[in-house]
Protein chains: 2
Amino acid sequence: MADLSHGDDADAVNALRSAVMRLGRRLKHQRVDETLSPTEMSVLGTLARCGSATPGELARKEHVQPPSMTRIVALLEAKGLVRLEPHAEDRRQKVVTSTERAEAMLEESRRKRNAWLTAMAEGLDEDEWSKLRAAAPVLEKLAHL
Amino acid sequence: MADLSHGDDADAVNALRSAVMRLGRRLKHQRVDETLSPTEMSVLGTLARCGSATPGELARKEHVQPPSMTRIVALLEAKGLVRLEPHAEDRRQKVVTSTERAEAMLEESRRKRNAWLTAMAEGLDEDEWSKLRAAAPVLEKLAHL
DNA sequence: CGTAACTCATTACCTATGCTAAGGAAAACC
DNA sequence: GGTTTTCCTTAGCATAGGTAATGAGTTACG
């Protein structure tokens, strides 16, 4: 594992935490569809990546409690972005699948997000941006740990 | 500026957004002092870095609306972590200063945060961690842009 | 000067989004 | 076959943010 005991790493940790929190708050405001919360967007993204999933699986992946996921899935279904089907072998569970409409929305949202981040990146040079690009997968891994 | 038009960067942008959001959610739960919200912590951090500031300045820096900052400052004052003084030249404004107690708490919290992130970093190798460390300042810059 | 317009902080109220606790149905396990 | 466990859900609550409206203080302009 990495050694986090000396000062530079402690500083990095603090910078990371602070930046992630603030950036997260700003990203919330840049939602592509005003009627969709950040977590709802994130769920659609997860479904696009992983295909179908049960509410429980989604709750674990999004680090949210099951009751919260129940509501999120219900809202997504009401908006026609997700389909709910009975589970094949286990009748307690349900299977959540994103619709074609969700795919289209994700594509649209990707464009808008990029536009916003492009504006943000005006203030970054190529070197800074490449550091960010290199760190993106690591942050993802960390978020899933 | 960086070129965000091709696919790799679009992917990086998506990964970044998703990871920042999820990591932010998990960091919220790892608060060092249960009685302090993440934004309250962030305000104390800002004060430690920048010295005194008015509520309005803090609201802008934390990307929060003024009324929210009013409440945050009031809570911090009630906990003895912040001192409120009248502004020298402008009697509309107030000056917020962190107390010695806040400094001690920040130091304590830094230790606890590091412990948590150390546990997280168990799953990272040295290369991944160094990428993260390189990106930390860039993320901070982005968060402040 | 004095009043109009603006700015800063605050108050009051509302909403969004998460949580815990509790329940009901299906599966798994003696 | 009855008990325990697992999964989703319902109900109620807490937190943390936002908007709109208020009040006090400052600045600008006529």
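Residues numbered from 1 in each chain as written. Chains lettered and ligands numbered in written order. Predicted model: local features only at pLDDT ≥ 70, side-chain atom pairs only at ≥ 80, totals over all residues. Heavy atoms only, no water.

- As recorded by an unreviewed UniProt entry, chain A carries the name MarR family transcriptional regulator and is attributed to Streptomyces camponoticapitis.

1. Let's talk about the interface of chain B and chain A
Inference 1: Contact residues are listed per partner, giving 59 residues for chain B and 59 residues for chain A.
Inference 2: The junction of chain B with chain A conceals about 6600 Å² of combined surface from both sides, 67% of it contributed by carbon and sulfur atoms.
Inference 3: Salt-bridge contacts for K141 of chain B lead to E128 of chain A; the nearest nitrogen and oxygen are separated by 3.2 Å.
Inference 4: In this structure, the connection of chain B to chain A is made through four residue pairs in polar contact (both at pLDDT 80 or more).
Inference 5: Contributing elements (two or more residues each) for the side of chain B that touches chain A: α1 (7-29), α2 (38-50), α3 (55-62), α5 (100-121) and α6 (126-144) of chain B. (Contact = heavy atoms within 4.5 Å. Buried area = accessible area lost by both parts, 1.4 Å probe. Salt bridge = Lys/Arg side-chain N within 4 Å of Asp/Glu carboxyl O. Polar contact = N/O pair within 3.5 Å; in protein donor to acceptor, adjacent residues only side chain to side chain. Helix = DSSP H or I, 4+ residues; strand = E, 2+ residues; numbered from the N terminus.)

2. Quick word on the protein's contact with DNA strand C
Inference 1: Residues in contact with DNA strand C amount to 23 residues; listed here are only the nearest, T39, S68 and R71 of chain A together with G56 and K94 of chain B.
Inference 2: In the interface set of DNA strand C, defined as its atoms within 4 Å of the protein, sugar plus phosphate atoms amount to 64%.
Inference 3: Within the backbone of P55 of chain B, an N or O atom sits 3.5 Å from a phosphate oxygen of DNA strand C.
Inference 4: G56 of chain B places a main-chain nitrogen or oxygen 2.7 Å from a phosphate oxygen of DNA strand C.
Inference 5: Those elements giving two or more residues to the surface near DNA strand C turn out to be α2 (38-50) and α4 (66-78) of chain A together with α3 and α4 (66-78) of chain B. (Near = heavy atom within 4 Å.)

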